[in-house]
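Observations on the three-dimensional arrangement
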Amino acid sequence: MLAVPDPGRARRVRAGGVDVTLELVTLGATPTTSFDGVLAPAQPEALHAAERLGREKLAGRRVWNVNSTAQGGGVAEMLRPLLGYARGVGVDARWAVIEGEPAFFAVTKRLHNRLHGMVGDGGPLGEAERAIYERALARNGEELAELVAPGDIVMLHDPQTAGLIPRLRECGAKVVWRCHVGLDVPNELAREAWWFLEPYVLRAEAYVFSRAAFVWDELDPARRAIIAPSIDVFAPKNRELATHRVQQILAATGLRAGRGEPGWRPVKLLEDQPLTRDDRVVLQVSRWDSLKDPVGVIQGFAEHVAGRSDAHLVYAGPDVTAVADDPEGATVHAHACELWRRLPPAARARVHLALLPMADATENALIVNALQRSADVVVQKSLAEGFGLTVAEAMWKRRAVVASRIGGIQDQVEHGVSGLLLDDPRALDAFGAAVLELLDDPQRAHALGEAAHERVRDRYLGTHSLLDYLALFERLL
Ligand code: UDP
């Protein structure tokens with residue numbers, strides 16, 4: 001029985017009387033009634049009715065989720081609260097994590113990159129890689145087969161688990177593949193990954209993508225489902241923070257001048273002068289990845305915003321100098337620092353590059369939360385994006401956003417209603433103009449922020465994903 005109310009731990013499973021590699025994540029159960037105060041007036045009733053129906057339909061079945069990590073990464077972060085809510089409404093949701101050797105993960109990383117349309121390590125995806133992939137999954141598949149009963153539902157997440165589909169169908173389970181990766185216009189690299197994965201994916205009873213544009217050409221339209229990602233509004237990243245608490249966190253970490261409570265790890269800052277409490281801020285929070293375009297954000301702000309407003313730019317990302325496993329991030333950060341040093345002094349004084357401490361996930365999340373809540377405008381000037389969780393996070397916090405019209409961002413933001421979209425993310429003058437438009441008209445920014453909050457409330461909360469999945473399961477049964 002996995003109903004141990006300890007959301008943080010994972011344990012090994014015994015199958016066939018022996019210890020095996022599969023890991024079962026212990027999950028809590030969270031009542032969805034906590035959403036009653038968050039949702040629009042008619043929504044809670046509809047939610048609880050759907051839950052009752054789902055519980056009836058799923059009685060006696062387990063809903064297995066299988067992925068390759070219990071910690072870190074957007075998928076794990078989204079799964080934990082979602083499965084908590086599923087269990088909270090009485091669905092027997094479970095989570096198993098597969099294991100593999102480095103060679104297996106080298107292949108799956110390659111698949112992941114190609115699905116994003118990127119070359120990654122440039123290595124092949126041929127028969128040798130298929131053998132590595134299938135060998136690792138065969139072992140995991142046998143262990144799962146010991147646990148999965150006929151009639152169970154199995155949700156397999158991402159390329160790492162697609163190869164399990166045939167074996168789990170043999171168990172008599174309903175097997176669904178959930179792809180969290182995609183790109184607006186697929187290229188040859190993406191097709192290489194499709195080709196590799198299709199022999200498995202085509203055998204699934206349903207496939208779930210985050211957007212219609214991400215669905216692969218060869219897949220059966222009747223079996224596809226579109227489920228958007230969601231944010232957990234009760235997590236440290238998104239939960240309400242009173243203004244004084246926001247100020248305290250920013251002061252404690254050095255992001256703004258002032259005295260904060262002790263005990264917080266400092267943010268590493270590249271800046272001329274610390275921000276004061278009253279400075280207006282344009283913010284982008286992103287990994288140090290060239291697709292998030294830190295150089296374009298800094299240049300666009302320096303050339304088109306700094307001279308025409310009093311606002312400062314804060315570009316915040318994870319501390320890449322503290323972790324050795326992100327050499328690409330370190331390089332992108334170094335480029336951003338170089339650009340900062342070359343800026344004309346007046347512009348440079350307005351640009352702040354921040355490395356957020358990563359040692360404690362809750363601390364990091366609270367800092368992101370405080371940064372987002374204190375920003376006057378939040379930008380996400382990405383050049384490519386799957387969904388763009390940072391956009392939903394900022395919108396939930398009633399921020400006015402300026403973001404690229406790409407990937408899931410264009411689903412989230414309705415231009416001119418719940419934020420501003422940039423048709424060409426590389427056009428720095430248009431980026432600057434959009435940011436200035438909001439800085440110059442705080443009332444408009446406020447209105448866009450209010451609409452943004454409602455947009456997220458109506459579409460991107462965990463309860464929406466829960467209902468979408470329940471509807472899919474009903475369809476399958
Ligand atoms: N994030 C964070 N700390 C950072 C930078 C980013 O917690 O220093 C979070 C951010 O709040 C968001 C996620 O990482 O929840 C990034 O997801 P998104 O979909 O925006 O982009 P991805 O990084 O997956 O491409």
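In this report, the structure presented in the accompanying data block is examined. (Residues numbered from 1 in each chain as written. Predicted model: local features only at pLDDT ≥ 70, side-chain atom pairs only at ≥ 80, totals over all residues. Heavy atoms only, no water.)

1. Focus on the environment of His 48
As a reminder of what qualifies: Per the convention used, a helix needs a DSSP run of H or I reaching at least four residues, while a strand needs a run of E reaching at least two, with both numbered from the N terminus. Each residue is placed in one exposure class: buried if its accessible area under a 1.4 Å probe, protein chains only, is under 20% of its type's maximum, exposed if it is over 50%, and partly exposed if it falls in between. A contact between two residues is defined here by any heavy atoms of the two lying within 4.5 Å. Throughout this description, a polar contact denotes any pair of N or O atoms lying within 3.5 Å of each other; where both atoms belong to protein, one of them has to be capable of donating a hydrogen while the other can accept it, and for residues adjacent in sequence the pair is counted only when both atoms sit in side chains.
Along the chain, the position of His 48 falls in helix H1 (residues 43–57). On the basis of relative accessible area, His 48 is assigned to the buried category, the value being 17%. The sequence separation of His 48 and Arg 373 amounts to 325 residues, and the corresponding C-alpha distance is 31 Å. Excluding residues that lie within four positions of it along the chain, His 48 makes contacts with Thr 32, Thr 33 and Asp 36. Reaching out from His 48, the side chain makes a polar contact with the side chain of Glu 51 at a distance of 3.0 Å.

2. Some thoughts on the nonpolar core
Put simply, the rule reads: Among the buried residues, those of types Ala, Val, Leu, Ile, Met, Phe, Trp, Tyr and Cys that are joined through side-chain atoms within 4.5 Å form a nonpolar core.
If you look at the biggest cluster of nonpolar residues, it comprises 75 residues, and the most contacted ones within it are Leu 371, Leu 461 and Phe 473. Looking at this core element by element, the count peaks at seven residues for helix H2 (residues 74–88). When residues no more than four places from it in sequence are discounted, the contact partners of Leu 461 are Phe 35, Val 38, Leu 39, Ser 230, Ile 231, Val 233, Trp 396 and Val 456. The next biggest cluster of nonpolar side chains, apart from the first, holds 45 residues, and it includes Val 66, Val 107, Val 181 and Ala 204.

3. Notes on helix H17 (residues 462–476)
Counted only if it meets this: One fewer than the residue count of a helix, multiplied by 1.5 Å, yields its expected span.
Compared with an ideal rise of 1.5 Å per residue, which puts 15 residues at 21 Å, H17 spans 21 Å between its outermost C-alpha atoms and is within 8% of the ideal. By the burial criterion, the buried members of H17 are Gly 462, Thr 463, His 464, Ser 465, Leu 466, Tyr 469, Leu 470, Leu 472, Phe 473 and Leu 476.

4. Considering the sheet that holds strand S14 (residues 400–404)
This is how it is decided: Two strands qualify as a pair provided that DSSP identifies no fewer than 2 bridges between them. In this analysis an axis means a line fitted to C-alpha atoms, helices contributing only their contacting stretch, and an angle means the value between N-to-C directions, from 0 to 180 degrees.
Reading across from one edge, S9-S12-S11-S10-S13-S14-S15 is the order of the seven strands in this open sheet, with mixed pairing throughout. The open sheet has two edge strands with one neighbour each: strand S9 (268–270) and strand S15 (420–422). Direction aside, the axes of adjacent strands within the sheet are offset by 20 degrees on average. When S9 meets strand S12 (residues 351–356), the two strands line up antiparallel, connected through three bridges. Bridged to Leu 270 within S12 is Leu 353. Each of strand S10 (281–285), strand S11 (312–318), S12 and strand S13 (377–380) touches helix H9 (residues 294–304); the most contacted strand, S11, lies at about 170 degrees to it.

5. Side note on the packing of aromatic side chains
This is how it is decided: For Phe, Tyr and Trp, where Trp contributes only its six-membered ring, two rings pair if their centres lie within 6.5 Å, and the inter-plane angle classes them as stacked under 30 degrees, edge-to-face over 60, or tilted in between.
Scanning the entire structure with this criterion turns up 13 aromatic pairs. With centroids separated by 6.3 Å and ring planes inclined at 85 degrees, the aromatic side chains of Trp 177 and Phe 209 adopt a geometry described as edge-to-face. In this pair, Trp 177 sits in strand S6 (residues 174–178) while Phe 209 sits in strand S7 (residues 206–209), placing the two residues 32 residues apart along the sequence. Like Trp 177, the residue Phe 209 is buried in the burial classification. Geometrically, the ring pair formed by Trp 177 and Trp 216 is edge-to-face, given 5.3 Å between the ring centres and 65 degrees between the ring planes. Here Trp 177 is found in strand S6, whereas its partner Trp 216 is found in the loop between S7 and strand S8 (224–226), with 39 residues between them in sequence. Given the relative accessible area of 0%, Trp 177 is considered buried.

6. Structural notes on the site of the ligand
Going by this rule: The rule for a residue being near a molecule or strand is that one of its heavy atoms must lie within 4 Å of it. Computed by Shrake-Rupley with a 1.4 Å probe, the accessible areas treat only the displayed protein chains as cover when residues are assessed.
In the vicinity of the ligand there are 14 residues, among which Arg 287, Lys 292, Pro 318, Leu 389 and Glu 393 approach most closely. One of the side-chain N or O atoms of Asn 364 is found 3.2 Å from a nitrogen atom in the ligand. Here an oxygen atom of the ligand sits 2.4 Å away from a polar atom, N or O, in the side chain of Glu 393. If the ligand stood free it would expose 540 Å²; the protein chains cover 79% of that surface.

7. Points about the side chain of Arg 350
To keep things clear, this is the line we draw: Positive residues here are Lys and Arg, negative ones are Asp and Glu, while His and the chain termini are left out of the count. Any carboxyl oxygen of Asp or Glu that lies within 4 Å of a side-chain nitrogen of Lys or Arg is treated as forming a salt bridge with it.
Structurally, the position occupied by Arg 350 is in the loop between helix H11 (345–348) and S12. This buried residue, Arg 350, is left without a salt bridge; Asp 310 holds the nearest opposite charge, at 6.2 Å. Within polar-contact distance, the side chain of Arg 350 engages the backbone oxygen of Ala 306 at 2.9 Å. In this structure the side chain of Arg 350 is engaged in a polar contact, spanning 2.8 Å, whose partner is the backbone oxygen of Ala 311.

8. Considering the packing of helix H8 (residues 243–252) against helix H12 (residues 361–374)
When two helices pack together, their arrangement is given by the angle between their axes and by how far apart the axes lie. Note the threshold: Rotating anticlockwise by less than a right angle from the far helix to the near helix defines a left-handed crossing, while the corresponding clockwise rotation defines a right-handed one. In this classification, Asp, Glu, Lys and Arg are treated as charged, Ala, Val, Leu, Ile, Met, Phe, Trp, Tyr, Cys and Pro as nonpolar, and every other residue, Gly included, as polar.
The contact between H8 and H12 brings their axes to 9 Å, and the two run at 115 degrees. Crossing handedness for the pair H8 and H12: left-handed. Every residue of H12 that contacts H8 at Val 246, Ile 249 and Leu 250 is listed here: Leu 366, Ile 367, Ala 370, Leu 371, Arg 373 and Ser 374. Tallied by class, residues from the contact of H8 with H12 come to seven nonpolar, one polar and one charged.

9. What to know about unusual backbone geometry
Even without being a glycine, Asp 158 presents a positive backbone phi close to 70 degrees. Here Asp 158 shows up in the loop between strand S5 (153–157) and helix H5 (159–162).

10. Some details on the side chain of Lys 397
Inspection of the secondary structure assignment puts Lys 397 in the loop between helix H13 (389–396) and S14. Although buried, Lys 397 forms no salt bridge, and the nearest oppositely charged side chain, Glu 393, lies 5.0 Å from it. Apart from residues no more than four positions distant in its own chain, Lys 397 is found in contact with Lys 237, Asn 238, Asn 369, Gln 372 and Arg 373.

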